Amino acid sequence: MARFPRRLIVPLAFLLAVGFYYTSSVHSPIPALNWQYESAIAPGVLDDPDYFWRKLPTHYLPQTIRPLPRGKPLKLPKIQHHFSRETSAEKEERLGRQRAVHEAFVRGWKSYREHAWLQDELAPVSGGSKNTFGGWGANLVDNLDTLWIMNMHVEFEEAVAAATNISFETSSLTEINVFETTIRYLGGFLSAYDLSGDQRLLRKAREVGDMLYVAFDTPNRMPITRWEVGKAAKGELQEASSWALIAETGSLCMEFTRLSFVTGDPKWFDATERITGVLKAEQSKTKLPGMWPISINPKDKNFHGDNTFSLGAMADSVFEYLPKMVALSGGLLPDYGEMYKYVVNTAKKHSFYRPMIPDNADILLASAVHVNKDARGQELPVSDHVGQHLVCFVGGMLAIGSKLLQRPDDLDIARKLTDGCIWTYKNTPHGIMPETFLMVPCPSQSGTCEWDEYAWRKALLVSAERDVTRLTKEEIRALADQVISDKRLPKGFADVMDRRYILRPEAIESVFVLYRVTGDKSLLESAWAMFQAIQKVSKTKLANSALGDITELKPHQTDSMESFWMGETLKYFYLIFSEPDLVSLDEYVFNTEAHPLKRLVP
């Protein structure tokens, strides 16, 4: 049972007297939060001591639980642009595009409902189903908030009724990913609750939160990221791994903190703040001070041993959540802002680069950095100049950080990074960005960078592991033509290592955020071009499918549709063509699975 301070006995007696009202009306939101979170507790709705995961014994009790932040939220700077009134022609065009996105979602949802209901994913070509995220209906929970946002309230009611019957006591998988479970399920339930006020969703959020909290039951209270949930359910002893990905360890704070905010129970906030404390302590100790490496050692709380650093895959959301935690907490957790500034200053120096491209556009890409020892034994950071679709979120992150933390120069970098992703979409055969690719860097980010076709050809041969040291220019051109043909390389790309498109959302995410921040209408055109391109080659009879190779004349549809296609990608497409006050960035902050969570505001 939750422990209540003595000063709450009288108010609680009153609440108990009217408890029937709260337990009988599923759409009655819990009382509004005050800044001490005392009125956030709704007796009889959230306190469920008989729930399976709450009955398990705790082996490693935390000695103390840090309280939730106190005080009134700060008046943070506005994020969203002040939009002027649109013309009737602009409105008609916008609504037409929004309808097209809505139709794509409806097709996918109906097919999921018919062929894969309560399963994690629909197989969009064969019509089968897949369970890849616990077997708890990932696509269902991931899209509760999307249904609400798109005014599909009949479907929302049906989905909520189904979701409330999901049992998280067992899983169809031996091992679950705690991070993925947090962002999809906990984030999904919390967001749908924040939008609708439906307390059934808050109860499910607490159930998932109670389950995930057991992953922290280790000697040092660091979480197990790849978790054998069945063993934990039997009450077996656990300890954190000596190897984990930084994203999977450090990206739980938004969802856990929001759960603590809406329930008044600080245990989840305490759990992830312990991780934040290690992140802060280790930030200056890494081989690239300011950033944390891709892999870490939670067992020993060593977050500085690896030599590879990236804002992209396996690390992304640990950086993304820094400015978003400032927004979520109303500025009451200033450490996140300071860590973010340190990260961005390091990334600007080492990770961002300007690629040499045929039209000489002034764009930026973000790449991984490897810190190796040179001939003199000194550690030297070297960029690999590999671009990723996943890292496209960085433009949006910088746009939000530029406003919240008053770093206006970062907005220009945010635009160039977002333009880099837009350019990469436009300059592929089908207008769709691949998973990973290589480009030739300019000498510097500033100044001119003229296209040099010979340098590009030479670079793509080096990437193809061809020895060019003794070749003439003519031989290099001829050999490069063969490689370009064999690899189907678009002009400007030195290599395309991973040719898939898996229906990713990161590019449209940053286009959406930047539009909301700047009001630049050209971003609407970029978004529409991206949507049309994706629809053209990914659309199936049932929904949309991931693609095996976007450089092929007719890309193969791989019969895969992760829940983020509908829960993120289509949501961002829908929102960019919506009225700007629909899920305003000044009222909500999106988790890394595009679930909007309510911000604390004055």
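Residues numbered from 1 in each chain as written. Predicted model: local features only at pLDDT ≥ 70, side-chain atom pairs only at ≥ 80, totals over all residues. Heavy atoms only, no water.

### Some words on helix α8 (residues 178-196)
Count 3.6 residues to each turn of an α-helix, and residues three or four apart come out pointing the same way.
1) Next: Compared with an ideal rise of 1.5 Å per residue, which puts 19 residues at 27 Å, α8 spans 26 Å between its outermost C-alpha atoms and is within 8% of the ideal.
2) Next: The largest bend along α8 reaches roughly 35° and is located at G187.
3) Next: Among the 19 residues in α8, 19 count as buried, and that is most of the element.
4) Next: For α8, the N-terminal capping position is held by N177, with its side-chain oxygen 3.0 Å away from the main-chain nitrogen of F179.
5) Next: Phi turns positive one or two residues past the end of α8, at G197, with a value near 75°. (Helix = DSSP H or I, 4+ residues; strand = E, 2+ residues; numbered from the N terminus. Expected span 1.5 Å × (residues − 1). Bend = angle between axes of the 7 residues up to and from the residue. Buried < 20%, exposed > 50% of the residue type's maximum accessible area, 1.4 Å probe, protein only. Polar contact = N/O pair within 3.5 Å; in protein donor to acceptor, adjacent residues only side chain to side chain.)

### Observations regarding the pairing of strand β11 (residues 379-383)
1) Next: Note that strand β10 (residues 369-373) and β11 share 5 bridges and pair antiparallel. Bridge pairing in β11 links N372 to L380.
2) Next: Taken together, β10 and the strand that follows it, β11, pair antiparallel across an intervening segment of 5 residues, in which G377 is found at a positive phi of about 85°. (Pairing = 2+ DSSP bridges.)

### Focus on the packing of helix α9 (residues 199-214) against helix α13 (residues 267-282)
Geometrically, a packed helix pair is captured by the angle between its two axes and the distance between the axes.
1) Next: With their axes 11 Å apart at the nearest point, α9 and α13 run at an angle of 40° to one another. Taken together, the axes of α9 and α13 lie oblique to each other. Classified by chirality, the crossing of α13 by α9 is left-handed. Every residue of α13 that contacts α9 at R206, G209, D210 and Y213 is listed here: K267, W268 and A271.
2) Next: Classifying every residue of the contact of α9 with α13 gives 3 nonpolar, 1 polar and 3 charged. (Axes fitted to C-alpha atoms, helices over the stretch in contact; angles between N-to-C directions. Parallel < 35°, antiparallel > 145°, perpendicular 65-115°, else oblique. Left-handed = near helix turned anticlockwise from the far one by under 90°. Contact = heavy atoms within 4.5 Å. Nonpolar A, V, L, I, M, F, W, Y, C, P; charged D, E, K, R; others polar.)

### Regarding the sheet that holds strand β7 (residues 308-309)
1) Next: With antiparallel pairing, 3 strands are arranged side by side in an open sheet as β7-β10-β11. At either margin of the open sheet sits one strand with a lone partner, and together these are β7 and β11.
2) Next: In the sheet, β7 pairs with β10 via 2 bridges, with the strands oriented antiparallel. Pairing of T308 across the sheet is with H370, part of β10.

### Thoughts on the packing of aromatic side chains
1) Next: Overall, the coordinates contain 23 aromatic pairs when judged by the stated rule.
2) Next: Where F105 meets W109, the ring centres are 6.2 Å apart and the plane angle is 10°; that geometry is what we call stacked. Placement of the pair is F105 and W109 together in helix α4 (residues 88-115), with a separation of 4 residues, close to one helical turn.
3) Next: Following the ring pairs from residue to residue traces out a cluster consisting of F105, W109, Y112 and W117. (Phe/Tyr/Trp six-rings, centres within 6.5 Å; stacked < 30°, edge-to-face > 60°.)

### Details of the packing of helix α18 (residues 453-463) against helix α19 (residues 473-487)
1) Next: The N-to-C vectors of α18 and α19 enclose an angle of 60°; their axes lie 9 Å apart at closest approach. At the point where α18 passes α19, the crossing takes the left-handed sense. In this structure, α18 uses Y454, W456, R457, K458, L460 and L461 to contact α19, whose residues at the interface are K473, I476, R477, L479, A480, D481, V483 and I484.

### Points about the sheet that holds strand β14 (residues 493-498)
1) Next: Read from one edge to the other, the open sheet built from 3 strands follows the order β12-β13-β14, with strand pairing classed as antiparallel. In the strand order of this sheet, the two ends are held by β12 (386-388) and β14, each with one partner. With strand direction ignored, the average angle separating the axes of adjacent strands in the sheet is 30°.
2) Next: Taken together, the 3 bridges between strand β13 (residues 436-439) and β14 define a ladder with antiparallel strand orientation.

### Let's talk about the state of the cysteines
1) Next: This structure, assessed with the given rule, holds 2 disulfides.
2) Next: Two residues share a disulfide in this structure: C392 and C421, whose sulfurs sit 2.1 Å from each other. Measuring the twist about the S-S bond at about -110°, one finds the C392-C421 disulfide to be left-handed. With C392 in the loop between β12 and α16 (394-404) and C421 in helix α17 (residues 409-426), this pair connects stretches of sequence that are 29 residues apart. With respect to class, C392 is no different from C421; both count as buried.
3) Next: Looking at the chain, its bonded cysteines, counted consecutively from the start of the sequence, adopt the pairing 1-2, 3-4. (Disulfide = S-S within 2.5 Å.)

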